[in-house]
Amino acid sequence: MAGQSIERREVLRILATASAAAQFPGFSKWVFACGHVGNVALEIKPARYRPQFFTAAEYAMVERLAEMIIPSDATPGAREAGVAEFIDFMVASDPAIQYSFRTGLAGLNAYSEFTLGKSFAELSPEQQTSLLEPLAHRARPGEEGSRRFFSAFREITLIGFYTSEIGFKDLDHPALRFYSASPECPHKDDPEHLHLSQLNS
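It should be emphasised that the depicted structure is a prediction, and the values quoted were computed from it without experimental measurement.

Could you give an account of the packing of aromatic side chains, naming the residues involved and the relevant values?
Aromatic ring pairs are described here by two measures, namely the spacing of the ring centres and the angle between the planes. The final tally for this structure, using the stated rule, is 13 aromatic pairs. Taken together through their ring pairs, the aromatic side chains of Phe24, Phe27, Trp30, Phe32, Tyr49, Tyr59, Phe86 and Phe89 make up a single cluster.

Below you can see the structure in the form of structure tokens.
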């Protein structure tokens, strides 16, 4: 999923959303893609992230869910980008979504124990995927609330990933790249760019 397409307009929106987290000094992995070079707050990082909102068990679920949405395959995924840290910080900063995220995780765990006899963390990767697939693609009757939670979780995961340095590089769009110097002109044999006038004639 890490290579999925996101419109440039959407990228600008999520960059604005994530900028509120940019100066938080507690991240151990997540780094805002548009952070300024030389910012001390971004350079000095703790060895380990301390969740601001979720319990240890909840945070472990957040890490796993984010990793399932954007796995590490040919390129780094949510785990390497520290997306769980971003999610925890954003939920801690927004009381309006705290209840839905906490009950959403609890509901997923309860459903896992009811259907498979184990907590979500105890399931095999295959079982976890099987449990989540209906929520990602089609909600069965009675699962509408869980689907809404998973949709919100997926959105904040994408925001956290694509506003991180790792995720931003994954977009690989020339208009979104940072250059320490202007790119060199590819027309070295025609510095006056006379060939352009010939193309338009």
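How would you explain the side chain of Thr163 if you had to name every residue and give the values?
Of note, Thr163 is situated in the loop between helix 8 (144-162) and helix 9 (165-171). Accessibility expressed as a relative area gives 0% for Thr163, which makes it buried. Of note is the side chain of Thr163, whose polar atom sits 2.5 Å from the backbone oxygen of Ile159.

Tell me about the environment of Phe168, residues and numbers included.
Along the polypeptide, Phe168 turns up in helix 9. For Phe168 and Phe32, which are 136 residues apart along the polypeptide, the C-alpha to C-alpha distance reads 9.1 Å.

An account of the pattern of salt bridges is needed here, citing residue identities and associated values.
This model, assessed by the stated rule, comprises three salt bridges. A salt bridge links Glu58 to Arg102, with the nearest nitrogen and oxygen atoms 2.9 Å apart. Placement of Glu58 in helix 3 (residues 56-69) and of Arg102 in helix 6 (residues 95-116) is noted, with a sequence separation of 44 residues between them. Arg64 is the partner of Glu67 in a salt bridge, and the nearest nitrogen-oxygen pair spans 3.3 Å. Here Arg64 and Glu67 lie together in helix 3, a separation of three residues that amounts to about one turn. Taking relative accessible area as the criterion, Glu67 reaches 18% and is therefore assigned buried. By relative accessible area, which is 22% here, Arg64 ends up partly exposed.

Hey, could you go over helix 6 for me, with residue numbers and the actual values?
Note that an α-helix has 3.6 residues per turn; residues three or four places apart therefore point the same way. Here helix 6 contains 22 residues, and its C-alpha end-to-end distance of 32 Å stays within 8% of the 32 Å for a straight helix at 1.5 Å per residue. Taken residue by residue, helix 6 has Gln98, Phe101, Gly104, Leu105, Leu108 and Ser112 as its buried positions. The buried residues of helix 6 occupy one face: seen down the axis, they fall within an arc of 145°. Along helix 6, the residues that are exposed and aim more than 90 degrees away from the buried face are Pro95, Ala96, Tyr99 and Phe114. Structurally, helix 6 contributes buried residues whose contacts are with helix 3, helix 5 (83-92), helix 7 (125-137) and helix 8. Phi for Gly117, located one or two positions after helix 6, is positive at around 75°.

Residue-level account of the nonpolar core, with values.
One recurring pattern in soluble globular proteins is that nonpolar side chains are buried together. In terms of nonpolar packing, the biggest core is built from 47 residues, with Phe54, Ile87, Phe120 and Phe153 touching the most fellow members. Of all the secondary-structure elements, those providing two or more residues to this core are helix 3, helix 4 (78-81), helix 5, helix 6, helix 7, helix 8 and helix 9. Broken down by element, this core gets its largest block of residues, eight residues, from helix 8.

How would you sum up the confidence of the model for the chain? Please name residues and give values.
Here the chain shows a mean pLDDT of 80. Residues at 70 or above account for 70%. When pLDDT is averaged over each helix and strand of the chain, the minimum, 49, is found for helix 2 (residues 40-43) and the maximum, 96, for helix 3. Confidence drops under a pLDDT of 50 for residues 1-6, and excluding neighbours within four residues, the segment shows 19 contacts in the predicted structure. Contacts from residues 37-42, a stretch scored under 50 in pLDDT, to residues over four places away or in other chains number seven contacts.

Could you give me a rundown of the packing of helix 6 against helix 8, with the residues and numbers involved?
It is the contact of helix 6 with helix 8, at a shortest axis distance of 10 Å, that shows an interaxial angle of 115°. Considering their axes alone, helix 6 and helix 8 lie roughly perpendicular with respect to each other. Handedness of the helix 6/helix 8 crossing: left-handed. In this structure, helix 6 uses Ser100, Phe101, Gly104 and Leu105 to contact helix 8, whose residues at the interface are Phe149, Ala152, Phe153 and Ile156. When the residues that make up the contact of helix 6 with helix 8 are grouped by side-chain class, the tally is six nonpolar, two polar and no charged.

What counts as what
In every chain, residue numbers begin from 1 and rise along the written sequence. This being a predicted model, a pLDDT of at least 70 is required before a residue's local features are given, and a value of 80 or more before pairs of side-chain atoms are given or counted; all residues contribute to the totals for chains, interfaces and linings. Heavy atoms from the whole structure form the basis of all side-chain values; hydrogens and water molecules are not counted. Any Phe, Tyr or Trp ring, taking Trp's six-membered ring, that has another such ring centre within 6.5 Å forms a pair; planes under 30 degrees apart are called stacked, those over 60 apart edge-to-face, and the others tilted. Numbering of helices and strands starts at the N terminus; helices are DSSP runs of H or I of at least 4 residues and strands are runs of E of at least 2. When accessible area is computed with a 1.4 Å probe and restricted to protein chains, residues below 20% of their type maximum are described as buried, those above 50% as exposed, and intermediate ones as partly exposed. Side-chain atoms alone can form a polar contact between residues adjacent in sequence; in general such a contact is a pair of N or O atoms within 3.5 Å, and within protein one must be able to donate a hydrogen while the other accepts it. Salt bridges are defined as contacts in which a side-chain nitrogen from Lys or Arg sits within 4 Å of a carboxyl oxygen from Asp or Glu. Each helix should span, by expectation, one fewer than its residue count multiplied by 1.5 Å. This arc corresponds to the set of directions leading from the helix axis out to the C-beta atoms. We call two residues in contact whenever any of their non-hydrogen atoms come within 4.5 Å of each other. Here, nonpolar core refers to any group of buried Ala, Val, Leu, Ile, Met, Phe, Trp, Tyr and Cys residues whose side-chain atoms link them within 4.5 Å. pLDDT is defined as a per-residue confidence score from the predictor, taking values between 0 and 100. Axes here mean lines fitted to C-alpha atoms, for a helix over just the part in contact, with angles spanning 0 to 180 degrees between N-to-C directions. In these notes the angle categories are as follows: under 35 degrees is roughly parallel, over 145 is roughly antiparallel, 65 to 115 is roughly perpendicular, and the rest is oblique. Crossing handedness: left-handed means the near helix sits turned counterclockwise from the far one by under a right angle, and right-handed means the same turn made clockwise. Residues are sorted three ways: Asp, Glu, Lys and Arg are charged, Ala, Val, Leu, Ile, Met, Phe, Trp, Tyr, Cys and Pro are nonpolar, and all the rest, Gly among them, are polar.

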